[in-house]
Structures are given as structure tokens and as C-alpha cells.
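# Observations on the model geometry
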Amino acid sequence: MGRRRALRVGGIGAAAVVGVLVAGCSGGGGGGGGASPSATSSSSSSSGGGGPRSFLTGEAGAAGHVLAVKIDNVPAARPQTGLNDAAIVYAIEVEGGLSRLMAVFDSNHLPPVVGPVRSARQTDVQLLQEYNKPALAFSGAQSQLLPELKKNDDLTAVTGTKDFFRNHDRPAPHNEFLHPAKPADKGGTAKDIGLRFADATPAGGGPGTSASAKMPAARFSFSWNGSQYRVAMDGKTSPWTADNVIVQHVTVRESDFHSRTGFVPFSQTVGHGSAQILRNGRSYAATWDRPAAGDGTTYTFDGRTLPLHPGRTWIVLEP
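Structural notes, computed from the coordinates. Note on numbering: residues in each chain are counted from 1, in written sequence order. With the structure being a predicted model, the display of local features is reserved for residues of pLDDT at least 70 and the display and counting of side-chain atom pairs for 80 or more, all residues being used for whole-chain, interface and lining totals. To get the side-chain values, take all heavy atoms of the structure and skip hydrogens and water.

## A closer look at the nonpolar core
The condition that has to hold: Nonpolar cores were defined as sets of buried Ala, Val, Leu, Ile, Met, Phe, Trp, Tyr and Cys residues, with membership established by side-chain atoms within 4.5 Å. Buried, partly exposed and exposed residues are distinguished by accessible area as a fraction of the type maximum, computed with a 1.4 Å probe on protein chains only: under 20%, between the cut-offs, and over 50%, respectively. In this text, helices come from DSSP runs of H or I with a minimum length of four residues, and strands from runs of E with a minimum of two, each type numbered from the N-terminal end. Here a residue-residue contact requires only that any non-hydrogen atoms of the pair lie within 4.5 Å.
In terms of nonpolar packing, the biggest core is built from 40 residues, with Leu56, Ile88, Tyr90, Tyr131 and Leu136 touching the most fellow members. Going through the elements one at a time, β2 (66-71), β3 (88-93), β4 (99-106), α2 (122-128), α3 (145-151), β17 (271-279), β18 (282-290) and β21 (313-318) are the ones with two or more residues in this core. Excluding residues that lie within four positions of it along the chain, leucine 136 makes contacts with Ala68, Lys70, Met102, Ala120, Asp124, Leu128, Leu149, Leu155, Thr156, Ala157 and Val158. Within the second largest apolar cluster, 35 residues are counted, among which are Ala103, Ala135, Tyr229 and Trp240.

So, in C-alpha cells, the structure goes:
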């Protein structure tokens, strides 16, 4: 879809943190942190098993609290840390056509450190309305957006607390990191956001061993290694993997919160459009639909809900 303008719609030393950062960079899908789980919710996943399953991954386990963290994604910020512990990673366009990530964590599966943390955007607000008042951790925001984030009833803003710290082995502003356990406690319990999961690979589609997506000044590619999709950004491989990939085509408009330096993108995630979905080495030409900001996002193929493979998902909001 095309771009249209003007529619409203505390630190510790580096030596003390280097081991933690390396561990977070290489982390898998395992737990860490120590936030208290909630046993009040389970997903409606069809992946089998008698106990509760995560709304965010379809894997076994009761729902925890949701923490979203804004992550830097320019070359100076890589490799990031903690992304393989995120249930969902969104890639979102920002100024200059660059990309920024938003990693969504369940408090039952936290890395010890996440980052580098960067600033929030208006896109984040609409996107997170389908969650249950999650915590959003970020390093700052546009002067008019910041008070809106702090008083927003659909999320809990977390910024400038003692949970943030600087790694002085990296240049600013690409060196602010987060201990996520306490911020995650501030998020609402995970709820149904529209995703469905199944172990069995859905019928139809075609071979999906690779896919790519782009923004004006950013590129993503995903390659199937027989068990997961390996993530590459701007032509360079990364430590990150995904069990599912969704390239969701969205309309990009100008944000209500402007910058003196130029166009600030707002990616519209309420509405409907096309998407490419990859799972188990297969590719599906799908449709996404989200009728209102408080609704979850559903993905359909050939008139039916398309289930994802239980596990972690990357969603690229491609303009």
C-alpha cells in the first residue's frame, strides 16, 4: 500500500555487564528474569495438549505479563540482545525510511537484558491496543507524544527508571539497555490477540524457504534452515531466528507527532490488507484483518484462519 501524508489517525560499568549482554545475545527461547506468572488465561491454540497454552506463541504454559521493548536497529546497534526470548518481534518503519524493532515478551520467558533501547512512536500506541494494557519500555519520545504515552490507558509507559543502564563499550545513543523483570511486572496479563497455532502444517501454499521485506532504507530477509527461519537485516546475517514470519503490508501515513527533521511515519495496523506468511518451509499468500484498535489481528488463507507453528514470530510491517 502507498504512503499518504497528513492524515490524523542509570548505569553500571561495562565490565560488569558484558557477560550478561553476551548471554542475552545468544539466548534461546528459555526463561529468565523472575516475574510472577499468571495462571488465569490460556490460548485457544489447536496445537494439542491438555494444559494452558500461550496466546503469543501457542506453546505450553499459562499466560504471563506482557512487556514490549523498543529496540534500536541501525548497524551501530547490532547485534542486539535478548531477541530470541521475545514471543513476537515487530519491525516498524521510522524516520528516514529506517527500521526499529519492538520485541514483545511474556514475563515467564525473559532474558536478563534487552536492548539497545530506543524511543517510542505513535505506531506503537495503536499496535499495542490489541494487547491487555502491556508495559512499553522505551528511552524517550517526541515532546508532545511523551505525555500522551504516560497518560495512555492502553499501556503502561516505562522509561527513565533504574531498570535502564548504559553499556559504555558502545557509543551513545546505541548503548542503553534494560533489565526487563521489574518492567514486565507492570504489564497486563497476555490475552488473545488473534493468533492461532497448530503443529500440523496447513494445506496449500507453496515452498517458502526464503522471503524478503523492505522499507525505504531497510531490508529484511528470512531463510529456512530446516527447522527455523534465520533472520538477516540489511544484507547481514544475525543471531536471531523465528518459527514464523509474517510480512504484513500496511499503509504508512504521517504521524500526528511531527519532527523538524522531516516525515515521521505512522504504520496503520487497524484495517485489512495482504500478507505473506511463512512456516515450516511453506509460504502462504494471506489476508490480515483488524476491524478496530481493541480487536486482535487475524490472518486467513483461502477463507480460513491460518494457524502458525507454535513458537516465536517475526512480523514485518512493510509499507
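## Some remarks on the pattern of salt bridges
Put simply, the rule is: Salt bridges are identified by distance alone: a Lys or Arg side-chain nitrogen within 4 Å of an Asp or Glu carboxyl oxygen.
This model, assessed by the stated rule, comprises eight salt bridges. A salt bridge links arginine 118 to aspartate 72, with the shortest nitrogen-to-oxygen separation between them at 3.2 Å. Placement of the pair is arginine 118 in the loop between β4 and α2 and aspartate 72 in the loop between β2 and β3, with a sequence separation of 46 residues. In this structure, glutamate 95 and arginine 121 form a salt bridge, with 3.0 Å as the shortest nitrogen-oxygen distance. Of this pair, glutamate 95 sits in the loop between β3 and β4 while arginine 121 sits in the loop between β4 and α2, placing them 26 residues apart in sequence.

## Quick notes on the side chain of histidine 174
Mapped onto the secondary structure, histidine 174 falls in the loop between β7 (164-166) and β8 (176-178). Given a relative accessible area of 14%, histidine 174 falls into the buried group. Non-local contacts of histidine 174, meaning those with residues more than four positions away in its chain, are made with Asp72, Val74, Ala76, Ala77, Pro116 and Arg118.

## A look at unusual backbone geometry
Omega for the bond connecting glycine 115 with proline 116 falls within 30 degrees of zero, at -5°, which places this linkage in the cis form. Structurally, proline 116 is set in the loop between β4 and α2. Here alanine 172 and proline 173 are connected by a cis peptide whose omega angle stands at 5°. Positionally, proline 173 belongs in the loop between β7 and β8. Notably, asparagine 280 is not glycine yet its phi reads approximately 50°, a positive angle. Relative to the helices and strands, asparagine 280 is located in the loop between β17 and β18. The phi dihedral of aspartate 302 falls on the positive side, at around 55°, and the residue is not glycine.

## Observations concerning the environment of phenylalanine 257
Along the chain, phenylalanine 257 turns up in the loop between β15 (252-254) and β16 (265-267). Residue classification places phenylalanine 257 among the buried residues on the basis of a relative accessible area of 17%. The spacing of phenylalanine 257 and glutamine 122 is 135 residues in sequence and 7.4 Å in space, taken between C-alpha atoms. Ignoring sequence-local partners within four residues, the contact set of phenylalanine 257 consists of Gln122, Gln142, Gln144, Leu145, Glu148 and Val264.

## Quick word on the packing of aromatic side chains
We apply this condition: Ring pairs are drawn from Phe, Tyr and Trp, using the six-membered ring of Trp, whenever the two centres fall within 6.5 Å, and their geometry is named by plane angle: stacked under 30 degrees, edge-to-face over 60, tilted for the rest.
Scanning the entire structure with this criterion turns up four aromatic pairs. Ring centres 6.3 Å apart and planes at 65° place the aromatic pair phenylalanine 222 and tryptophan 314 in the edge-to-face group. Taken together, the residues span a long stretch of sequence, with phenylalanine 222 in strand β11 (residues 218-224) and tryptophan 314 in strand β21 at a distance of 92 residues. A residue is classified by how much of its surface remains accessible, and phenylalanine 222, at 1% relative accessible area, is buried. Taking relative accessible area as the criterion, tryptophan 314 reaches 1% and is therefore assigned buried.

## Examining the sheet that holds β11
How we decide: For two strands to count as paired, DSSP must find a minimum of two bridges between them. The convention used is that axes are lines fitted to C-alpha atoms, helices contributing only their stretch in contact, and that angles between N-to-C directions extend from 0 to 180 degrees.
Read across the open sheet, the four strands follow the order β10-β11-β12-β13; overall the sheet is antiparallel. Edge positions in the sheet fall to β10 (210-215) and β13 (236-242), since each has one partner strand and no second. Taking the axes of each pair of neighbouring strands and ignoring which way they run, one obtains an average angle of 25° across the sheet. Here six bridges tie β10 to β11, and the two strands are oriented antiparallel to one another. Bridge pairing links alanine 211 to phenylalanine 222 in β11.

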